[in-house]
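Structure at a glance
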Amino acid sequence: MDAQRTLRRPISCVGIGLHSGNKVHLSLKPAPADFGVRFRRTDRGDHEVPATVQHLAGIQLATGLSRNDVSVETVEHLLAALVSMGVDNVLIELNSPEVPIMDGSAAPFIYLIQEAGVKRLQAPRRYLKIVRPIALSRGDKRIALFPSDHFKVTYSISYDHPMLRHQSRTLRITEESFVDEVAPARTFTFLKDVEMLRQNGLALGGSLENAIVLGETGVLNNALRFEDEFVRHKILDAIGDLALVGYPVVGHLVAHRAGHALHTEFAGKILRESDAWRLVEATAEGLAPLGVKDPAPRLAN
Ligand SMILES: [Zn+2]
């Protein structure tokens, strides 16, 4: 049986919020089967915000969630690390509205999960398996999911910038490929946008320590981690945003020039188009449909 998993023990770290610039304490704690991924704001009476599409809010430069006016911002890199490492159930405590940006990638979250260790729970894992294509486009931005036996992502980006034109990559996402090929890719921004963000009180915690900054003549940071680090980071963002459907997805995600707004709108569309997917469990024979068509309780959080 492919069992649900959680962390073996709690683990914590401290970082800064990208937009506020404030110091944030983050703790990841083990949780029981079918708990899902939930944020808890320890500075707001331990109010919980489940990491599901139903609680999406404030999508701009990053993905935010809120429930009863309590919000959690910049959730996508941490969610991508959790889903890719097979952590189905976890309580994420924060003492501030923002998940710390760390180095702008998911690599520090991978390190935390590996340090905590992962353990199996006595409950089967469910997957959301795509059985017919679902697509969404807004202008020249497109995203779609197609049936596939594995979770794969194809992403392409195009910018009108001398240092960044077109990049495209397809990856089959496994724990290993995510850790090696995707997690280290950092978020990026254009130098011309940084001043505008600062004037709007955003990116106050941003620096070359947590983002790639593209100037007119090159990258301001010393070096890239991958030649195509930009498109790899978009794959990372898409995996984190797609995790908001509440289950690991089995299908081929194809996106062109998308971003958080389109990723998250698409996550909502997936759940609404319930004839396009089945909830399945992994058995010795492969993925088997569940006896019930009813979406599991996690979707109703
Ligand atoms: Zn990102």
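Details of the structure are given in the entry above.
The following paragraphs examine the structure supplied in this document. (Residues numbered from 1 in each chain as written. Predicted model: local features only at pLDDT ≥ 70, side-chain atom pairs only at ≥ 80, totals over all residues. Heavy atoms only, no water.)

So, the pattern of salt bridges
This model, assessed by the stated rule, comprises 22 salt bridges. The partner of Asp103 in a salt bridge is Arg225, and the shortest N-O contact between them spans 2.9 Å. Of this pair, Asp103 sits in the loop between strand E9 (90-94) and helix H2 (107-116) while Arg225 sits in the loop between strand E17 (212-214) and helix H5 (229-242), and the two are 122 residues apart along the sequence. Residue Glu181 is joined to Arg232 by a salt bridge in which the shortest nitrogen-to-oxygen separation is 2.8 Å. Of the two residues, Glu181 is situated in helix H3 (residues 175-182) and Arg232 in helix H5; the sequence distance between them amounts to 51 residues. If you follow the salt bridges from partner to partner, you end up with Lys29, Arg38, Arg40, Glu48 and Glu93 in one network. (Salt bridge = Lys/Arg side-chain N within 4 Å of Asp/Glu carboxyl O. Helix = DSSP H or I, 4+ residues; strand = E, 2+ residues; numbered from the N terminus.)

Things to note about the coordination of the zinc ion
In the first shell of the zinc ion, the protein supplies His77 (NE2), His233 (NE2), Asp237 (OD) and Asp237 (OD), at 2.0 to 2.8 Å from the metal. Around the zinc ion sit 4 donor atoms; with metal-centred angles ranging over 51 to 149 degrees, the donor geometry is irregular. For the zinc ion, all donor residues lie on one chain, and their spacing in sequence is H-x155-H-x3-D. Linking His77 in helix H1 (residues 76-84) with His233 in helix H5, this pair joins segments that are 156 residues apart in sequence. The exposure classification of His77 matches that of His233, with both residues buried. (Donors = N, O, S within 2.8 Å, 3.2 Å for Na, K, Ca; no water. Tetrahedral: all angles 85-135°; square planar, octahedral: opposite > 155°, others 65-115°. Buried < 20%, exposed > 50% of the residue type's maximum accessible area, 1.4 Å probe, protein only.)

Points about H1
One turn of the α-helix equals 3.6 residues, which is why residues spaced by three or four share an orientation. Where burial is concerned, most of H1 is hidden: 8 out of the 9 residues are buried. Looking at H1, one finds that the buried residues are Glu76, His77, Leu78, Leu79, Ala80, Ala81, Leu82 and Ser84.

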